[in-house]
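# Results of the structural survey
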Amino acid sequence: DDPLMLSTSATTGAAKGVVHSHRSLRSRWASQKDAMGVEVFARTLCVLPSNFAWGLVGNCLYSWLYGEELVLLPAFRTDVLLQLGALCDEHQITYLPTVPSMWRTVLRMAAPPKKGTLKRIAACTAPLPASLWCDIGKWGGVEDVINIYAMTECGWMTWASSARDTPEDGLVGVPFGCDVKVLPFGSTDRDVLFAEACAPGETGYVWVRTPALMRGYLDREDLTVQVMARGCFVTGDMGSIDARGRLFLRGRVKEMINVAGIKVYPADIDVAIERSGLVADVCAFSVADPLQGEQVAVAIVLPEGAPENLGPVYRRTRDRLASHLMPKLWYRVGEIPRTARGKVNREQVAAACAALRPADLRTLERE
């Protein structure tokens, strides 16, 4: 019988039941062991939801399968995150799996570990911005901070490590245990092995062929056939592969913004604004525009104690972005809605901002 069903995070619709076979799970753990070994997982601290694939399969069950020790704590609870460094010291943690969103709290408010037992920190569910990647390594006192690209449907697909790669925005590294290809937009070829891939650096649809692929969505064959064909899976992500075979992600296909025929990736906007160092959180999203079809809007969370106006953020962003990428609507908000796994929900952000008055751009120029 199928041993496991997981729920998707439902970032853009109703959650689906993802059914896995014994074969798909065993192949995940085998490829993880081949790529990453076992020794560094000697003592894992899990503060992730253990009912999702990232927390359960690759961290909790992997540690137990190979006889290593696991410390489980409530997921994403603020009082736990504030003690994260002390907890690593207390339990002599060697491996810490995380999601990018939790580091906004940890880096601001949690003292780093002091005893030096930590060997590796991992992040998943969204690509790490380069600046955050470096900050995590400094906090943990480790050289090996890994950025993992994974999905509930097909497990861990690629990884990049600061021990061998210079952190770059969007970099999720080289495949392991699977074949990853980027196919041109509009391609109808659904066989990754024989399809004509994009040129190095060219953005397209990310496909994967892996023995870790799910059996299908529970009682939803109609949805299964939309994403699977001959053992291949369309991830719904946009990305590119460079000349070294490393995958870079640009965002979800459904989130792409079409400004008068020009493709705009909201994740690129997020990164540019985060680099200003003036925001606590940010989310770019699409709004309808009668002339250009769509336009770029952005929601900003300012740090505690920062001036309440958006002027400095606006001007610094304007200096970094081309005019067609520059958001036309700016909203100051108290928080950015996220899923249970810490993923940003751009549709919810757009809906929340629809009830707000955007900042006056002429005022932002002067503030």
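That block above? That's the structure.
The structure contained in this document is the topic of the report that follows. (Residues numbered from 1 in each chain as written. Predicted model: local features only at pLDDT ≥ 70, side-chain atom pairs only at ≥ 80, totals over all residues. Heavy atoms only, no water.)

Of the regular secondary structure elements, the chain holds 11 helices and 20 strands. Its C-alpha atoms give the chain a radius of gyration of 21 Å, within 12% of the compact-globule value 21 Å for 367 residues. Taking the principal axes of the C-alpha coordinates as reference, the chain spans close to 60 × 55 × 40 Å. Counting all 367 residues of the chain, 52% fall into the buried class. The long-range fraction of contacts in the chain, counting pairs at least 24 apart against all pairs at least 6 apart in sequence, stands at 63%. As presented, the chain carries roughly 16600 Å² of accessible surface, and 51% of it is formed by carbon and sulfur atoms. Across the chain, the centroid of the 41 positively charged side chains sits 1 Å from that of the 41 negatively charged ones. (Helix = DSSP H or I, 4+ residues; strand = E, 2+ residues; numbered from the N terminus. Rg over C-alpha atoms; globule rule 2.2 N^0.38 Å. Buried < 20%, exposed > 50% of the residue type's maximum accessible area, 1.4 Å probe, protein only. Contact = heavy atoms within 4.5 Å. Areas by Shrake-Rupley, 256 points an atom, 1.4 Å probe, with all protein chains shown as cover. Lys, Arg positive; Asp, Glu negative; His and termini not counted. Charge placed at Lys NZ, Arg CZ, Asp CG, Glu CD.)

Relative orientation of the contacting elements helix α1 (residues 22-36) and helix α2 (residues 53-65) amounts to 70 degrees, with a least axis distance of 11 Å. By the angle between their directions, the pair α1 and α2 is classed as roughly perpendicular. Between α1, through L25, R28, W29, Q32 and K33, and α2, the contact on the second element is made entirely by A53, V57, G58, L61, Y62 and L65. (Axes fitted to C-alpha atoms, helices over the stretch in contact; angles between N-to-C directions. Parallel < 35°, antiparallel > 145°, perpendicular 65-115°, else oblique.)

Moving on to the environment of C124. Residue placement: C124 occurs in the loop between β6 (120-123) and α6 (130-140). Classification of C124 by relative accessible area gives buried; the value is 2%. Spatially, the C-alpha atom of C124 lies 15 Å from that of C134, the residues being 10 residues apart in sequence. Discounting chain neighbours no more than four positions away, the residues touching C124 are W54, T98, V99, P100, I148 and A150.

Enumeration according to the criterion identifies 19 salt bridges in this entry. For the salt bridge of R164 with D165, the shortest nitrogen-to-oxygen distance reads 3.2 Å. Looking at R164, the relative accessible area reads 40%, which means it is partly exposed. It is possible to trace a salt-bridge network through shared partners that takes in R164, D165, E168, D242 and R246. (Salt bridge = Lys/Arg side-chain N within 4 Å of Asp/Glu carboxyl O.)

With the rule as written, the count across this model stands at 9 aromatic pairs. Between W159 and F176 the ring centres are 6.3 Å apart and the planes differ by 70 degrees, which places this aromatic pair in the edge-to-face class. On the criterion of sequence distance, the pair formed by W159 in strand β8 (residues 155-161) and F176 in the loop between β9 (171-175) and β10 (179-183) is long-range, its members being 17 residues apart. Linked through ring pairs, F41, Y62, Y66 and Y95 together constitute an aromatic cluster. Its end group placed over the ring of Y217, K16 keeps NZ or CZ at 5.3 Å from the ring centre. (Phe/Tyr/Trp six-rings, centres within 6.5 Å; stacked < 30°, edge-to-face > 60°. Lys NZ or Arg CZ within 6 Å of the ring centre and 35° of its normal.)

In this section: the sheet that holds strand β1 (residues 4-7). Pairing is antiparallel in the open sheet, where 3 strands are placed in the order β1-β2-β12. Either end of the sheet is taken by a strand with one partner, and the two such strands are β1 and β12 (216-217). (Pairing = 2+ DSSP bridges.)

So, on to α2. Under the 1.5 Å per step criterion, the end-to-end length of α2 is only 15 Å for 13 residues, more than 12% shorter than the ideal 18 Å. Counting buried positions over the 13 residues of α2 gives 10, a clear majority of the element. Of all the residues in α2, the buried ones are A53, W54, G55, L56, V57, G58, N59, C60, Y62 and S63. Following α2 by one or two positions, G67 adopts a phi angle in the positive range, close to 75 degrees. (Expected span 1.5 Å × (residues − 1).)

The next point concerns the pairing of strand β4 (residues 69-72). Where strand β3 (residues 43-46) meets β4, 4 bridges bridge the pair, whose relative direction is parallel. Across the sheet, the residue bridging to L45 is V71, located in β4. In this fold, the crossover linking β3 to β4 by way of α2 has right-handed handedness. (Right-handed = clockwise from strand over helix to strand, strands pointing away.)

A few words on the state of the cysteines. What makes a disulfide is a covalent bond joining the sulfur atoms belonging to two cysteines. Taken as a whole, this structure holds 0 disulfides when the rule is applied. With no disulfide of its own, C134 lies 19 Å from the sulfur of C124, the closest cysteine sulfur. Residue classification places C134 among the partly exposed positions, given a relative accessible area of 37%. This cysteine, C178, is not joined by any disulfide, and C154 carries the nearest cysteine sulfur, 7.6 Å off. By relative accessible area, which is 14% here, C178 ends up buried. (Disulfide = S-S within 2.5 Å.)

Here we come to unusual backbone geometry. Here the phi dihedral of Q92 falls at roughly 50 degrees; this positive angle occurs in a residue that is not glycine. Position of Q92 relative to the elements: it lies in the loop between α4 (84-90) and β5 (95-98). Given a relative accessible area of 49%, Q92 falls into the partly exposed group. Positive phi values are uncommon outside glycine, yet D219 reaches one of about 55 degrees. Exposure remark for D219: the relative accessible area of 71% places this residue in the exposed category.

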